[in-house]
Amino acid sequence: MNHFLDIDKTTPQDLRAMIDHAQSMKAARNGRPKGSADDEQPLKGRMVALIFEKPSTRTRVSFDVGVRQMGGETMVLSGADMQLGHGETIADTARVLSRYVDLIMIRTFEEAVLLEMAEHATVPVINGLTNRTHPCQIMADVMTYEEHRGPIAGRKVVWSGDGNNVFASWAQAAGQFGFDIAFTGPPTLDPEAAHLDFARAKGSRAEIVRDPFQAVQGADLIVTDTWVSMHDPQSAKERRHNQLRPYQVNERLMAAAKPDALFMHCLPAHREDEVTSAVMDGPQSVIFDEAENRLHAQKAVIRWCLGV
Ligand code: CP
Ligand code: NVA
């Protein structure tokens, strides 16, 4: 069994195999009703726990539907309804859940909770987002890029905005899939240096460029995300908005990238803040393909975790 904890903890070979598998599973479902079962039922008789300590639309629904398409069953648990955080240790929760279910997906705050769950669970654990990373999102995003433009290796991805958890997984992916990454944003919201260092150590060009228009020169893909993440205090909202406004992805910024550059956003988006509607709904945007591909990519992740 394998845990899927982060892009940098999974080998490039396994990551590539999962993306290719996701593409073939997506093709096999071509035109089928969304609720219909896959021809293959590798999760038949298996139960998956989906734990959410933060809100979710895409992660929740895509995991739930994906497991059912593969013949499995799910239980969606909200952190608030569990004994988690009411005194029972994460380790004990992991041991107990492992007696009931075949796989655990958890969205939580501190990365330490995810790691403790994985250390003590005897079934696979999948990272459904922490304050630090969001690997399932980036699996879907790499799949989406390649669907539209072919191999991502050798391309240039530019992130404009907050150096947050989604950026962290993009930077790790740069190292593992062999593309270049540039971060543009205010110095106060720089990403953790370790993520850029990881990409560099794997041979990627990973840089911080303060001027967004300079950063997007030669970009094949521009990505952004909310200016205030779920773990950020609401009191920081006004300050963040003021700092991040110059990094909004709008038509002017898109025009400074390569003419065939794509635009991505993991969603949920705040229209006219980090991105304009003109870009979100424009011809370069692939945001809804990204959302769909969460389903296909995560099905491949689940099968890799379970070895089925
Ligand atoms: N992109 C993403 O993870 O969305 P949700 O928060 O809706 O799951
Ligand atoms: N950075 C965002 C991503 C949401 C999917 C957050 O953590 O809230």
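Numbers given for residues are sequential positions, taken from 1 along each chain in its written order. Following the order in which they are written, the chains are lettered starting with A and the ligands numbered starting with 1. Given that this is a predicted model, residues contribute local features only at a pLDDT of at least 70 and side-chain atom pairs are listed and counted only at 80 or more, while totals for whole chains, interfaces and linings are drawn from all residues.

**Here we look at the overall build of the protein chain**
Condition: Only runs of H or I of at least four residues qualify as helices and only runs of E of at least two qualify as strands under DSSP, and these elements are numbered from the N terminus. A radius of gyration in this sense is built from C-alpha atoms; the matching globule rule multiplies 2.2 Å by the number of residues raised to 0.38. Working definition of a contact: two residues with C-beta atoms, positioned from the backbone, lying within 7 Å.
When its secondary structure is counted, the protein chain shows 12 helices and nine strands. Computed over its C-alpha atoms, the radius of gyration of the protein chain comes to 19 Å, within 12% of the 19 Å expected for a compact globule of 308 residues. Seen through its principal axes, the protein chain has C-alpha atoms that stretch 55 × 45 × 35 Å. Across the protein chain, every contact between residues at least 6 apart in sequence was considered, and the portion connecting residues at least 24 apart equals 76%.

**Brief notes about the site of ligand 1**
The test is simple: Defining nearness, a residue is near a molecule or strand when the C-beta atom obtained from its backbone falls within 6 Å of it. Side-chain classes are defined by residue name, with Ala, Val, Leu, Ile, Met, Phe, Trp, Tyr, Cys and Pro counting as nonpolar, Asp, Glu, Lys and Arg as charged, and the others, Gly among them, as polar.
For ligand 1, the full set of nearby residues is S56, T57, R58, T59, L129, Q137, C266, L267 and P268. Residues that form the shell around ligand 1 fall into these classes: four nonpolar, four polar and one charged.

**A closer look at the nonpolar core**
Stated formally: What we call a nonpolar core is a set of buried Ala, Val, Leu, Ile, Met, Phe, Trp, Tyr and Cys residues whose membership is set by joining through C-beta atoms within 7 Å. We call a residue exposed when 12 or fewer other C-beta atoms sit within 10 Å of its C-beta, buried when the count reaches 20 or more, and partly exposed for counts in between; the C-beta positions come from the backbone.
I104, W170, I222 and V301 are the most contacted members of the largest nonpolar core, which totals 84 residues. Ranked by residues supplied to this core, first place goes to helix 6 (residues 165-177) with eight residues. If sequence neighbours within four positions are ignored, W170 has contacts with I138, V157, W159, I181 and V223.

**Brief notes about the pairing of strand 6 (residues 180-184)**
Where we set the bar: What makes two strands pair is DSSP finding at least two bridges between them. A crossover counts as right-handed when, viewed with the strands pointing away from the observer, the path leading from the first strand over the helix to the second turns clockwise.
Of all five residues in strand 6, four are buried; the element is thus mostly enclosed. Sheet analysis places strand 5 (residues 156-160) next to strand 6, joined by five bridges and oriented parallel. If you follow K156 over to strand 6, its bridge partner there is D180. In this view, the connection linking strand 5 to its parallel neighbour strand 6 by way of helix 6 has right-handed handedness. Bridge count between strand 6 and strand 7 (residues 206-208): three bridges; the pairing is parallel. Within strand 7, the position partnered with I181 by the bridge is A206. The handedness of the strand 6 to strand 7 crossover, carried by helix 7 (residues 193-201), is right-handed.

**Quick notes on the packing of helix 6 against helix 7**
Selection criterion: Interaxial angle, 0 to 180 degrees, is taken between N-to-C directions of lines fitted to C-alpha atoms, where a helix line uses only the stretch in contact. For classification purposes, angles smaller than 35 degrees are called roughly parallel, those larger than 145 roughly antiparallel, those between 65 and 115 roughly perpendicular, and all remaining angles oblique. In this scheme the crossing of two helices becomes right-handed for a clockwise turn of the near helix relative to the far one and left-handed for an anticlockwise turn of less than a right angle.
Remark: helix 6 packs on helix 7, axes separated minimally by 7 Å, with the N-to-C direction vectors making an angle of 15°. In this view, helix 6 runs roughly parallel relative to helix 7, as classed from their interaxial angle. Our pair here, helix 6 against helix 7, has a crossing hand that is left-handed. Touching A168, A171, Q172, A174 and G175 of helix 6 are H195, L196, F198, A199 and A201, all from helix 7. Residue classes in the contact of helix 6 with helix 7 are distributed as seven nonpolar, three polar and no charged.

**What to know about the sheet that holds strand 1 (residues 47-52)**
Adjacent strands of a sheet form backbone hydrogen bonds with each other and so pair up, either parallel or antiparallel. Taken together, four strands build an open sheet; the order of strands is 2-1-3-4 and the sheet is parallel. The strands lining the two open edges of the sheet, one partner per strand, are strand 2 (73-78) and strand 4 (125-127). Averaged over all adjacent pairs, the angle separating strand axes in this sheet is 20°, with direction ignored.

**Here's the deal with the environment of D281**
Among the secondary structure elements, D281 is positioned in the loop between helix 11 (277-280) and helix 12 (287-306). Residue classification places D281 among the exposed residues on the basis of 10 C-beta atoms within 10 Å. Considering only alpha carbons, one finds D281 and L115, 166 residues apart in sequence, at a separation of 38 Å.

**What to know about the UniProt feature "binding site: L-ornithine" (unreviewed entry) in the protein chain**
Put simply, the test is: UniProt positions are given in the numbering used here, feature names are shortened, and annotations may be inferred rather than shown by experiment.
UniProt annotation of "binding site: L-ornithine" (unreviewed entry) refers to N165, D225, S229 and M230 when read in the numbering used here. What stands out for the annotated residues spanning 66 residues is how close their C-alpha atoms remain, the widest pair being 11.7 Å apart. Examined against the element boundaries, S229 turns out to sit in the loop between strand 8 (221-224) and helix 9 (237-244). For S229, a count of 16 C-beta atoms within 10 Å gives the class partly exposed.

**Quick word on helix 2 (residues 58-69)**
As a reminder, the rule being used: A helix's residues, less one, multiplied by 1.5 Å, set its expected span. Regarding the arc, it is the one traced by the directions from the helix axis to the C-beta atoms.
Here helix 2 spans 16 Å end to end across 12 residues, near enough to the 16 Å set by a 1.5 Å rise per residue. Inspection of helix 2 places T59, S62, F63, G66, V67 and Q69 among the buried residues, and these make up the whole buried set. Projection of helix 2 onto a plane perpendicular to its axis shows the buried side chains occupying an angular sector of 160°, all on one side. One or two residues past the end of helix 2 sits G71, with phi positive at roughly 95°.

**Overview of the sheet that holds strand 5**
If you walk across this open sheet you meet the five strands as 7-6-5-8-9, and the pairing is parallel. Both outer strands of the open sheet, strand 7 and strand 9 (262-265), are each paired with one neighbouring strand and no more. Along the sheet, successive strands turn relative to each other by an average axial angle of 20°, direction set aside. Here strand 8 runs beside strand 9; their pairing, made up of four bridges, is parallel. Bridge assignment links V223 to a residue of strand 9, and that residue is M264. Helix 6 contacts strand 5, strand 6, strand 7 and strand 8 of the sheet and is inclined by roughly 155° relative to strand 6.

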